[in-house]
Amino acid sequence: MAKMTLEELRSLRNRVQGDLQKRDIEGKDSRIIIGMGTCGIAAGAKETLDAFLTALDEHKISSTSVTQSGCMGLCYVEPTVEVIVPDMPTVIYGKVDAKTAKKIVEEHLIARRLVTDHIFDRPAADIIKKDGGK
Amino acid sequence: MAFRNYILVCGGTACESIKSEQIYQNLITACKEHGIADEVQIVKTGCFGFCEQGPIVKVLPEDAFYVKVKPEDAADIIAEHVVKGRQVERLLYDKKSSTRHARVEDIQFYQKQFRIVLRNCGFIDPESIDEYIAREGYQALERALFEMTSEEIIEELRNSGLRGRGGAGFPTWMKWNFTRQAKNDIKYVVCNADEGDPGAYMDRSTLEGDPHSVLEAMTICGKTIGAHKGYIYIRAEYPLAINRLEIAMKQAREYGLLGTDILGSGFDFDIEIRLGAGAFVCGEETALLQSIEGKRGMPQPRPPFPAIKGLWGKPTVINNVETWANIPVIISRGASWFSKIGTSDSKGTKVFALTGKIRNSGLVEVPMGTTLRDIIFDIGGGIAGNKKFKAVQTGGPSGGVLTEEYLDTPIDFGSLVKAGSMMGSGGMIVMDEDDCIVDVAKFYLDFSVDESCGKCAPCRIGGKSLARILEKITKGNGTLQDITTMEAIGEAMKKGSLCALGQTTPNPILSTLDHFRDEYLAHIVDKKCPAGKCKDLISYWILEDKCTGCTVCGRKCPVGAITGARKEVHVIDQNACTQCGVCYEVCRFDAIEIR
């Protein structure tokens, strides 16, 4: 994209805010977000990522995106993964190794059940308002 | 088919020990009784970091947060909440009873942490500028470029009460204002990302998770003080952070958020990365600036301060990563929002890297004024392995230890100094009864001695002398005079060293001498290490009445010091034993004793 002016930045923000909000609007695609800071990667997040991609492939699921994020701060349960599925509560899973990743795809995404013993709480509420503070 | 309700039962160790399993079973039974077992999913979760209020049960999607739940409450949660849709008021967490500081109305009340610096970490894809922009990103830059004058920005910072997060806590607005007022054609903005305290990784995580917040803040500073060039000094050991910063800078340039004529405002600003080789002293601002200039990283006498005469002799604002990450929020939300959080002495939040003998180690961001007890026993879930809390070390090699009596002290810059430690950059290492305090002091001292640049005598010679004395004490050769000598050297180093590294090197010793003098005396007078850590002061013995002759210790001993036939009591040859402790760890019958 070429250099923006103030107006262009504002219109871009409005547009991408909508995109990010789709995370919790019904009927939209599901998302898997893997914590990939140095800590997560050291704890095996890359293997987790591979396991998710393989499992999604095996089950021919194409409506779920897999993206990365930084460290959530839950170092004691790395690798951590956020799973956003329409009509289900958004949850953070911890200690997600390749086996658990497969289980999350099969249980959470397909059978629509939360995976027991791996749920952790996001450590703090989000201070960013959904409407961008308008 | 998705479920109507999800019930999350905390299965953390603390909650489990107070009957969360029974609650879980009772919830399942109650669901069956009401015939709704297939409409509700009940799951056990990991620790919620709210242990003092446990056991915790959370019901989704309503997000009802039930605390101190008893097994007999399970029936009510199902009958009232799930079946009739009425939340069980008496179990809901009461925010009025909360002792937390600075609740902000629109924030869910039960979470202990409050994230400003880490607001985007773990939320956005750090390699996507669009996701940053979607979450109020570059909104502060808009304000700074088009709506506010330099004076207004400084005034906003002043009213916010933001103090530098690198350790010293100097008011950020003053630094900026000195540089703004300094008369010079060329000025610089520098980000100190030379994070070096053992166990500290706040800055790395911030840069890896949210690089744009630092870029945005530095650009705002450039506009405020009249600088057009910024440098990020980051250690080469942080390759992922460097990589993400580079991606972020490239994206920002493409969007016209860095470079010439930013957003058509006519203001030019760009940033370069400078890699450090990982010398601890380069985190000291004057040494850091030397290193950017390509010289050997050694501290320079202050004054003149960098704000007046910094990089290449030009006025320079230098702030730490965490300080920078606060700036966009202060500018876009306003000082009045920010200054509501924290204590009168210290505003906002502080990120700590909570490590050591703690159950839930991790990055913790809390409002200033949160107590150590909240951080360690609630968010941190307490001491691992149910051991007894001994002390917590804050401020890294420059800081000190805090004991149980300080657990309820609200943490801010002032209170930590008063308690004999310091905020530092945010390392927080928890120790339990198995940690030897002399050994801990020695660890930090050895670190500082290794990292001393050698320029000034008090630090170079004083540090070595202290290390020699501590070594002597841990070997059982200490005398009472050694304590007096260490205190004298320590005081001299504090007064005579050129930079903060030397001035604070004795802190871990002086602070542990304050709180744990008895333990030093045990090493010196009784020649004993109470925690059983100092190898020269301990010996391992096999208890005759407990040894079953299983032969495990004998097979595992790396030096073959243990002898004994199968099913007979084994014996350790004290002359051959190297006190490695392997036998102690592998014995399943508690038959090995440390004397």
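Fair warning: this is a prediction, and the values are worked out from it, not measured in the lab. (Residues numbered from 1 in each chain as written. Chains lettered and ligands numbered in written order. Predicted model: local features only at pLDDT ≥ 70, side-chain atom pairs only at ≥ 80, totals over all residues.)

*Asks:* Describe the overall build of chain B, naming the residues involved and giving the relevant values.
*Replies:* Within chain B, the regular secondary structure consists of 23 helices and 18 strands. Scaling as 2.2 N^0.38, a compact globule of 595 residues should have a C-alpha radius of gyration of about 25 Å, and chain B matches this with 28 Å. The dimensions of chain B, computed from C-alpha atoms along their principal axes, are 85 × 75 × 40 Å. Counting across all 595 residues of chain B, residues that qualify as buried make up 55%. Looking at chain B alone, contacts between residues at least 24 apart form 70% of all its contacts between residues at least 6 apart. (Helix = DSSP H or I, 4+ residues; strand = E, 2+ residues; numbered from the N terminus. Rg over C-alpha atoms; globule rule 2.2 N^0.38 Å. Buried ≥ 20, exposed ≤ 12 C-beta atoms within 10 Å, placed from the backbone. Contact = placed C-beta atoms within 7 Å.)

*Asks:* Please give an account of the overall build of chain A that cites residues and values.
*Replies:* When you go through chain A residue by residue, the secondary structure sums to four helices and six strands. Out of the 134 residues belonging to chain A, those deemed buried represent 41%. In chain A, the proportion of contacts linking residues at least 24 apart, taken out of those at least 6 apart, comes to 68%.

*Asks:* I'd love a proper account of the pairing of strand β8 (residues 270–276) of chain B, names of residues and values included.
*Replies:* All names here are of chain B. Where strand β7 (residues 229–235) lies against β8, seven bridges are found, and the strand directions are parallel. Note that in β8 the partner of Gly230 across the bridge is Ile271. Taking the sense of rotation as the criterion, the β-α-β connection linking β7, helix α10 (residues 239–254) and β8 turns out right-handed. (Pairing = 2+ DSSP bridges. Right-handed = clockwise from strand over helix to strand, strands pointing away.)

*Asks:* How would you summarise the sheet that holds β7(B) if you had to cite specific residues and measurements?
*Replies:* All names here are of chain B. On the basis of which strands lie adjacent, the open sheet formed by four strands has the order β8-β7-β6-β9 and parallel pairing. On the outer flanks of this sheet lie β8 and β9 (316–320), each paired with one strand and no other. Looking at each pair of strands side by side, their axes are set apart by 20 degrees on average, direction ignored. Two strands pair when backbone bridges link them, and strand β6 (residues 188–193) and β9 are joined in this way by five bridges, in the parallel orientation. Residue pairing in the sheet places Val189 in a bridge with Val317 of β9. Where α10 meets the sheet, it contacts β7 and β8, and its direction lies at approximately 165 degrees from that of β8. Packing against the sheet, helix α11 (residues 285–292) makes contact with β6, β7, β8 and β9, and its axis sits at approximately 105 degrees to β7. (Axes fitted to C-alpha atoms, helices over the stretch in contact; angles between N-to-C directions.)

*Asks:* Can you tell me about the interface of chain A and chain B, naming the residues and giving the values?
*Replies:* Across the contact, 46 residues belong to chain A and 56 residues belong to chain B. Elements represented by at least two residues in the side of chain A that touches chain B include exactly α1 (6–21), β2 (64–69), β5 (119–120) and β6 (124–125) of chain A. The dominant element in the side of chain A that touches chain B, judged by the number of residues it contributes, is α1(A), at eight residues. Taken together, the residues of the side of chain A that touches chain B sort by class into 23 nonpolar, 14 polar and nine charged. Pairing between β6(A) and strand β5 (residues 113–114) of chain B: two bridges, direction parallel. Bridging from a neighbouring strand, Ala124(A) pairs with Gln113(B) of β5(B). (Nonpolar A, V, L, I, M, F, W, Y, C, P; charged D, E, K, R; others polar.)

*Asks:* Kindly report on the domain arrangement of chain B, identifying the contributing residues and their values.
*Replies:* Each domain of chain B was delimited in the assignment, giving domain 1 (5–96), domain 2 (129–336), domain 3 (349–432), domain 4 (437–524) and domain 5 (539–594). The straight-line distance from the C-alpha centre of domain 1 of chain B to that of domain 4 of chain B is 52 Å. (Domains from an automatic or database assignment.)

*Asks:* Kindly report on the nonpolar core, identifying the contributing residues and their values.
*Replies:* In a soluble, globular protein the nonpolar side chains are often hidden away together inside. All names here are of chain B. Ranked by internal contacts, the top residues of the largest apolar core, which has 200 residues, are Leu27, Val57 and Val392. In this view, Val57 contacts Ile7, Leu8, Val9, Ile23, Tyr66, Val69 and Ile77; residues no more than four positions away in its chain are not counted. With 10 residues, the next largest nonpolar core counts Ile562, Ile572, Cys587 and Ala591 among its residues. (Core = buried A, V, L, I, M, F, W, Y, C linked by C-beta atoms within 7 Å.)

*Asks:* Explain the sheet that holds strand β11 (residues 362–367) of chain B to me, and be specific about the residues and the numbers.
*Replies:* Residue and element names in this part refer to chain B. The strand order across the open sheet formed by five strands is β11-β10-β14-β12-β13, and the pairing between neighbours is mixed. In this open sheet, the two edge strands, each paired with only one partner strand, are β11 and β13 (400–403). Strand after strand, the sheet turns through a mean of 30 degrees between neighbouring axes, direction not considered. One ladder, built from six bridges, connects strand β10 (residues 349–356) with β11; its direction is antiparallel. Across the sheet, the residue bridging to Val351 is Glu365, located in β11. In this fold helix α20 (residues 507–515) packs onto β12 (389–394) and β13, with an angle of close to 25 degrees to the strand it touches most, β13.

*Asks:* Describe the packing of helix α17 (residues 457–474) of chain B against helix α18 (residues 480–496) of chain B, and please don't skip the residues or the numbers.
*Replies:* All names here are of chain B. Two numbers describe how α17 lies on α18: the axes approach to 10 Å, and their chain directions differ by 160 degrees. By the angle between their directions, the pair α17 and α18 is classed as roughly antiparallel. Seen from above, α17 lies across α18 with left-handed handedness. In this structure, α17 contributes Pro458, Cys459, Gly462, Ser465, Leu466, Ile469, Lys472 and Ile473 to the contact, and α18 contributes Asp482, Thr485, Met486, Ile489, Ala492, Met493 and Gly496. Grouping the constituent residues of the contact of α17 with α18 by class yields nine nonpolar, four polar and two charged. (Parallel < 35°, antiparallel > 145°, perpendicular 65-115°, else oblique. Left-handed = near helix turned anticlockwise from the far one by under 90°.)

*Asks:* A description of α11(B) should follow, citing residues and the corresponding values.
*Replies:* Residues and elements named next belong to chain B. In terms of residue burial, α11 counts as a mostly covered element, since seven of its eight residues are buried. Listed as buried for α11 are Glu285, Thr286, Ala287, Leu288, Leu289, Ser291 and Ile292. On its buried face, α11 sits against β6, β7, β8 and β9.

*Asks:* Describe the environment of Val82(B), and please don't skip the residues or the numbers.
*Replies:* Residues and elements named next belong to chain B. Take Val82: it is sitting in helix α3 (residues 74–84). When the C-alpha positions of Val82 and Tyr188 are compared, they lie 60 Å apart, and in sequence the two are 106 residues distant. Apart from residues no more than four positions distant in its own chain, Val82 is found in contact with Asn5, Ile36, Val40 and Ile77.

*Asks:* Hey, could you go over the environment of Thr224(B) for me, with residue numbers and the actual values?
*Replies:* Residues and elements named next belong to chain B. Along the polypeptide, Thr224 turns up in helix α9 (residues 211–225). Put simply, Thr224 and Ile153 are 71 residues apart on the chain and 6.9 Å apart in space, counted from C-alpha to C-alpha. In contact with Thr224, not counting residues within four places along its chain, are Ala144, Ser150, Ile153, Ile154, Trp176 and Arg180.

*Asks:* So what's going on with helix α8 (residues 202–209) of chain B? Which residues, and what values?
*Replies:* Among the eight residues that make up α8(B), eight are buried, leaving the element largely enclosed by the rest of the structure. Among the residues of α8(B), those classed as buried are Met202(B), Asp203(B), Arg204(B), Ser205(B), Thr206(B), Leu207(B), Glu208(B) and Gly209(B).

*Asks:* Before we move on, can you summarise unusual backbone geometry with the specific residues and values?
*Replies:* All names here are of chain B. With an omega dihedral of 5 degrees, the bond running from Leu60 to Pro61 counts as a cis peptide bond. Mapped onto the secondary structure, Pro61 falls in the loop between β3 (57–60) and β4 (64–66). A cis amide bond links Arg302 to the next residue, Pro303, at an omega of -5 degrees. For Pro303, the position within the fold is in the loop between α11 and β9. Despite not being glycine, Asp261 has its phi angle at roughly 50 degrees, a positive value. Secondary-structure assignment places Asp261 in the loop between α10 and β8. The class of Asp261 is exposed, set by 12 C-beta atoms lying within 10 Å.

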